[in-house]
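Residue-level structure breakdown
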Number of protein chains: 2
Amino acid sequence: MSFEITVDALEDLARGAAFLGTGGGGDPYIGRLYTQEAVRRYGAPRILPLADVHDDMRIASIAGFGAPTVQVEKLIRSDEAEFAFRRLESLLGHRIDAILPVEIGGSNSMLPLMLGARLGLPVIDADGMGRAFPELQMNCLSVNGMRATPLVVVDEHLNHAIIDAGDDRTAERLTRALAIEMGLRVFIACFPGTGLQVKQAAIGGTLSVALGAGQAIARGRRAGTPVQAVVDYLCGAEPYRYARVLFEGKVVDLERNISAGFSSGVCRLESLEESDSRAEVLFQNENLVVRVDGQMRAIVPDLICIVDRETAEPIPTHALRYGQRVSVLGLRAPTQMRTAAALNCFGPMAFRLPEPFSPIEEIAE
Amino acid sequence: MSFEITVDALEDLARGAAFLGTGGGGDPYIGRLYTQEAVRRYGAPRILPLADVHDDMRIASIAGFGAPTVQVEKLIRSDEAEFAFRRLESLLGHRIDAILPVEIGGSNSMLPLMLGARLGLPVIDADGMGRAFPELQMNCLSVNGMRATPLVVVDEHLNHAIIDAGDDRTAERLTRALAIEMGLRVFIACFPGTGLQVKQAAIGGTLSVALGAGQAIARGRRAGTPVQAVVDYLCGAEPYRYARVLFEGKVVDLERNISAGFSSGVCRLESLEESDSRAEVLFQNENLVVRVDGQMRAIVPDLICIVDRETAEPIPTHALRYGQRVSVLGLRAPTQMRTAAALNCFGPMAFRLPEPFSPIEEIAE
């Protein structure tokens, strides 16, 4: 059963998606603003459950690409996504029937809705990873045989390029080089494929869960327990089914730099209750690993989400600030994200982390 | 009247083109090797005088792109140029009737001949600048309204991208970023246009002059005066009609680095006769300016050519070595290369040189 996302639901959805975006996937406020505008103007996009996708539907994805720290400063013209999508269609020689979000994240969950509203196309209730990741090849679509290319990359002047590479890791390198030259806030149309491919490779239900997580936070705020509310909701929600608070504390140190086309760094936290307990979260656009008093508590591809400890407002890595009082939450990654092939593509080694992958639920035991 | 370039003529042509390439345009030895191989295998390409190009012919260019210092170390697979050309044809939706060299230079004059031999297409006796230049927009085609884009860039793995930018300077930036990521030895198919456009924008006769210059050097070697022979030939050859020796000496200092995707540096020379006379030649892939005892003697777009003083063998900037005994020659640039619009695009300011443009023949008076 397909359903519609109304303007009223967008705020919850944006917040929930920013939560699942584990610090990345673009800025939720900006993503929500342009999606609200599109929904008001063109009407609400239809959300299509993964199970309702026909095998022979023609699918493609749209995403912002670059560094979130740049996105919050550099304005868009608003028709880049449509331009990239149309260019991809003309290259493929056929219309695209539905839009698949590449990732769940602050603005990269919103952008497909914005484009779906503009073009009158359904958006599939699924994505490539059930979270956000910094690099193009880091998703279950690539791991399961889909290809990001041909890929259209476009900047705010509509300068654009079509990338066709031997593999998605090379496509990432080439797209990143262009994105840096274009100013690190670009849009890509990518992952052209069929409904059958998407049903075999994508992670279903994640837009619905993002909306549910946002609604849980809203309900929790009214009850005064938003962090607990979202943890409780996610413990019962497919495809995650496990969530817990890993640390509560204050941001006491923050290193962040934009290099090689990413926002990377480390956020250090100090406990408010026991002053000798400390934590650190490493990130590359998204949060990668959390260590509490030197002990690893969660690591990619499991989800690490930093939220305001009073309101459960998700804090993207680019919005982390000294003095913020936060809760660090961990979520179990969807099962498809933990296969050997998946870990090879976006497990700890892909980020040069020294720790091997260890499931969050086993670490906790 | 069109004519054919035989295997025997290739050596003279490659040498003459390397001479007019003012130190750049790719390595002449490597360019000659793969062109010889193609001519032996597929037959000689037909050279089409600019005047014989029909208005409605479909033209495009092919070129190596990157840093010559890398070209001499990194092997090619040999079908990159054809791949790029076919990709451009498929993008344009029509076949291309003739190949226009973008520049005259060591290998970038050879590559069109190699492709012409492979594909059985004529090569136009003309180019975009009558010399070589390091950046994509630095040519009379761009200055006179033709566009480098859509442009196909391809590496030795056939990873490729199609660039479409608002202007050729932006296309240069984007192509350079990709070329750096691809390893600085790539091929581009570019400047799609009509015969009419090419006749209005290109510089005619330059392949013939390259061949003539190479033959003059060969004749001069037999007479023991190759440097004078090529100077004499060029003084009578359109579109240059002016050449002179600016300095003779020994390479005593050489700074060269590969940065921002170019081979840049400065070559310092000391006179062999008067030990207090010194010269310096600045280069960015190609030679840009020569100063003798602090006085500017020639500057872009006029041509500055460094040759072995005994054999008149052109020395590309990447082959300059300490201790070489050389003659530095200056040539008048073709008239179309000295207009205000042309100087704005590739005059001294475009290379951040402090001197304004001054015609070589006026400096000498």
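Residues numbered from 1 in each chain as written. Chains lettered and ligands numbered in written order. Predicted model: local features only at pLDDT ≥ 70, side-chain atom pairs only at ≥ 80, totals over all residues. Heavy atoms only, no water.

This part covers the overall build of chain A. Check the secondary structure of chain A and you find twelve helices and 16 strands. Since a compact globule built from 365 residues should have a radius of gyration of about 21 Å, the 19 Å found for chain A is in line with a globular shape. Principal-axis analysis of the C-alpha atoms gives chain A an extent of 60 × 40 × 40 Å. Counting over 365 residues, chain A shows a buried share of 64%. Of all intrachain contacts in chain A linking residues separated by at least 6 positions in sequence, the fraction that spans at least 24 positions is 73%. A total of about 13,000 Å² of accessible surface is found on chain A, and carbon and sulfur atoms cover 48% of it. (Helix = DSSP H or I, 4+ residues; strand = E, 2+ residues; numbered from the N terminus. Rg over C-alpha atoms; globule rule 2.2 N^0.38 Å. Buried < 20%, exposed > 50% of the residue type's maximum accessible area, 1.4 Å probe, protein only. Contact = heavy atoms within 4.5 Å. Areas by Shrake-Rupley, 256 points an atom, 1.4 Å probe, with all protein chains shown as cover.)

Our focus in this paragraph is the pattern of salt bridges. Residues and elements named next belong to chain A. Per the stated rule, a full pass over the model turns up 44 salt bridges over all chains. The shortest N-O distance in the salt bridge between Asp 302 and Arg 338 comes to 2.9 Å. Here Arg 338 lies in the loop between β16 (325–331) and α11 (340–346) and Asp 302 lies in the loop between β14 (295–299) and β15 (303–308), a separation of 36 residues in the sequence. Judged on exposure class, the residue Asp 302 and its partner Arg 338 are both buried. Three or more residues are tied together by salt bridges with common partners; here these are Asp 253, Glu 255, Arg 268, Glu 280, Arg 291 and Glu 355. (Salt bridge = Lys/Arg side-chain N within 4 Å of Asp/Glu carboxyl O.)

With 215 residues, the main nonpolar core has Leu 20 and Phe 85 of chain A together with Leu 20 and Phe 85 of chain B as its most contacted residues. The contacts of Leu 20 of chain A, once residues within four sequence positions are left out, are Ile 104, Gly 130, Arg 131, Ala 132, Thr 206, Val 209, Ala 210, Leu 234, Tyr 240, Leu 303 and Leu 331 of chain A. (Core = buried A, V, L, I, M, F, W, Y, C linked by side-chain atoms within 4.5 Å.)

All names here are of chain A. One way to put it is that helix α9 (residues 206–223) packs onto helix α10 (residues 226–235) with a least axis distance of 7 Å and a crossing angle of 145°. Remark: the crossing between α9 and α10 carries right-handed chirality. Contacts between α9 and α10 involve Ser 208, Val 209, Gly 212, Ala 213, Ala 216, Ile 217, Gly 220 and Arg 221 from the first element and Pro 226, Ala 229, Val 230, Tyr 233 and Leu 234 from the second. Partitioning the contact of α9 with α10 into residue classes produces nine nonpolar, three polar and one charged. (Axes fitted to C-alpha atoms, helices over the stretch in contact; angles between N-to-C directions. Left-handed = near helix turned anticlockwise from the far one by under 90°. Nonpolar A, V, L, I, M, F, W, Y, C, P; charged D, E, K, R; others polar.)

The subject of this paragraph is the interface of chain B and chain A. Counting residues at the interface gives 18 residues for chain B, matched by 18 residues for chain A. In total, chain B and chain A occlude about 1,500 Å² of area from one another, counting both sides; carbon and sulfur atoms represent 56% of this. Connecting chain B to chain A are two salt bridges. The salt bridge partner of Glu 181 of chain A is Arg 173 of chain B, with a shortest N-O separation of 2.8 Å. The interface formed by chain B and chain A contains seven residue pairs in polar contact (both at pLDDT 80 or more). Elements with a contribution of two residues or more to the side of chain B that touches chain A: α4 (80–92), β7 (160–164) and α7 (168–182) of chain B. With seven residues, the single largest contributor to the side of chain B that touches chain A is α7 of chain B. (Buried area = accessible area lost by both parts, 1.4 Å probe. Polar contact = N/O pair within 3.5 Å; in protein donor to acceptor, adjacent residues only side chain to side chain.)

This part takes up the pairing of strand β11 (residues 262–271) of chain A. Residues and elements named next belong to chain A. A large share of β11 lies buried, amounting to eight of its ten residues. With ten bridges joining them, strand β10 (residues 243–259) and β11 adopt antiparallel strand pairing. Along β11, the bridge assignment pairs Leu 254 with Cys 267. Inspection of the sheet shows β11 paired to strand β12 (residues 278–284) by seven bridges, in the antiparallel sense. Its bridge partner being in β12, Cys 267 is matched across the sheet by Val 281. (Pairing = 2+ DSSP bridges.)

The subject of this paragraph is the relation of the copies chain B and chain A. Each copy superposes on the other: chain B lies on chain A with an RMSD of 0.0 Å after a rotation of 180° and an axial shift of 0.0 Å. The superposition operator between the copies reduces to a two-fold rotation axis. Taking C-alpha positions as reference, the residue of chain B nearest the rotation axis is Ile 162 of chain B, located at 2.4 Å. Both copies present the same face, since 100% of the interface residues in chain B are matched by interface residues at the equivalent positions in chain A. (Least-squares fit on C-alpha atoms with pLDDT ≥ 70 in both.)

With that settled, the discussion passes to unusual backbone geometry. A cis amide bond links Thr 149 of chain A with the next residue in sequence, Pro 150 of chain A, at an omega value of -5°. As for its position among the elements, Pro 150 of chain A is in the loop between α6 (140–143) and β6 (151–154). Although it is not a glycine, Asn 285 of chain A sits at a positive phi angle of roughly 60°. For Asn 285 of chain A, a relative accessible area of 4% puts it in the buried group. You will see that Arg 241 of chain B, though not glycine, has its phi angle at about 60°, which is positive. Position of Arg 241 of chain B among the secondary structure elements: in the loop between α10 (226–235) and β10 (243–259).

This next bit is on the environment of Thr 22 of chain B. All names here are of chain B. Summarising the element assignment, Thr 22 is placed in the loop between α1 (7–20) and α2 (28–42). For Thr 22, a relative accessible area of 0% corresponds to the buried category. Separated by 309 residues in the primary sequence, Thr 22 and Leu 331 place their C-alpha atoms 9.6 Å from one another. For Thr 22, the side chain forms a polar contact with the side chain of Arg 131, separated by 3.2 Å.

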